[in-house]
Structures are given as C-alpha cells and as structure tokens.
Amino acid sequence: MPRADRVRTADELTTLVAQLGRRLRAASAEAELTPSQQSVMGRLGRQGAATTAGLARSELVRPQSMRLTLAALEERGLVARAPHATDGRLVVFSLTAEGAELLGSGRAARRSWLAQAIDTRLTPQEHRTLAAALPLLQRLVDDGSPGTPHHSDPTGDVPQ
C-alpha cells in the first residue's frame, strides 16, 4: 500500500476514534468527568490501587498534573488515599464504592449505546466485518511486549 494511502487511513482512523470517544463519553454517566479523570478511574478500576507517580507514568502525564486529577476525584469522593502497604512514605489511591459504581454505570451506558448503534446502523454483514476488524485494532494498541493485556471490554477505556 502506498505511503499516502497509509497516511490517509491513519488520518481517518484518528478522526473516527476521536469522534467515537466523544459519542461514548456523551452516552456515559461519567460525562461530567474530564477525559483524564475518566481514564484514571478506568485504570484504577482495572489495575487496582496505584501511587500518583505510577498513575502519571501510565497516563503519560507529569506527576503534578496527576496530583490535580486525583485531588479533583478525591474531592468528589470517587477515589480515596491510603498509606502504601510496604512503604510508609508513599500514598496509594483506589476507587471508592461511589467511584466504582460510577465507573460501572458509565461502562454499562457506553456498552448499551454502542450495541444499539451497531444493531440499528449496521447490517448483519457490516457487523461481522466490524467484529473481524477488532483483532487488528487490538494489535494497533498493543505495545508488542510479552504479557500485554488484552481487554475483553472495549468500552472500559474511552479513547481520548
């Protein structure tokens, strides 16, 4: 495939992923959260408690930015801080019951919206084509290292 075609495909895919992310966020109970807050909550929901520095590395932001995100989530009662289990100098953050409930209801709302859109806007053959493309999209997001997780819940991480 010529480079110009690959670049055009990349541009179109970038635009579509961003549009899909906005549609999914709008359908979600988490819509009042920023994309960064949603992403941090999703990561805590999937991976469990984490330090500010660990979350910053995972989210590719500066620790100062992560502190602001966590402070906003903590103020809303969606995350809680606790001492690190083995290093008393560190603090870990985890979802509260309210945060886990919001995360779960958001995932359910996104899943419902997307399932309905697939049912009403795609033919059965188009649905099969979309399903067949999922492993290709997964390969695009995998970093290629051994043990890279494969998530069965594509609505758990909202594209940014």
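Here, every reference points to the structure presented above.
All of these numbers come straight from a predicted model, not from anything done at the bench.

Participant: Looking at this model, I keep getting lost on the pattern of salt bridges. Mind explaining?
Facilitator: Any two side chains of opposite charge can pair, so long as their charged atoms come close to each other. Following the criterion strictly, the structure yields 5 salt bridges and no others. In this structure, R81 engages E74 in a salt bridge whose closest nitrogen and oxygen atoms are separated by 2.9 Å. For R81, a relative accessible area of 48% corresponds to the partly exposed category.

Participant: Before we go on, may I ask you to explain a nonpolar patch on the surface in this structure?
Facilitator: Taken together, the side chains of L13, V17, L134, L137, L140 and V141 make up a nonpolar region of the molecular surface, amounting to roughly 530 Å² of accessible area. Broken down by secondary-structure element, the contributors of at least two residues to the nonpolar patch are α1 (3-27) and α6 (124-141). It is α6 that provides the largest number of residues to the nonpolar patch, a total of 4 residues. Residue position: L134 is located in helix α6. Owing to a relative accessible area of 47%, L134 belongs among the partly exposed residues under this scheme.

Scoring rules and cut-offs
Residues numbered from 1 in each chain as written. Predicted model: local features only at pLDDT ≥ 70, side-chain atom pairs only at ≥ 80, totals over all residues. Heavy atoms only, no water. Salt bridge = Lys/Arg side-chain N within 4 Å of Asp/Glu carboxyl O. Buried < 20%, exposed > 50% of the residue type's maximum accessible area, 1.4 Å probe, protein only. Patch = residues over 30% accessible without salt bridge, like charges linked within 9 Å, V, L, I, M, F, W, Y side chains within 5 Å. Areas by Shrake-Rupley, 256 points an atom, 1.4 Å probe, with all protein chains shown as cover. Helix = DSSP H or I, 4+ residues; strand = E, 2+ residues; numbered from the N terminus.

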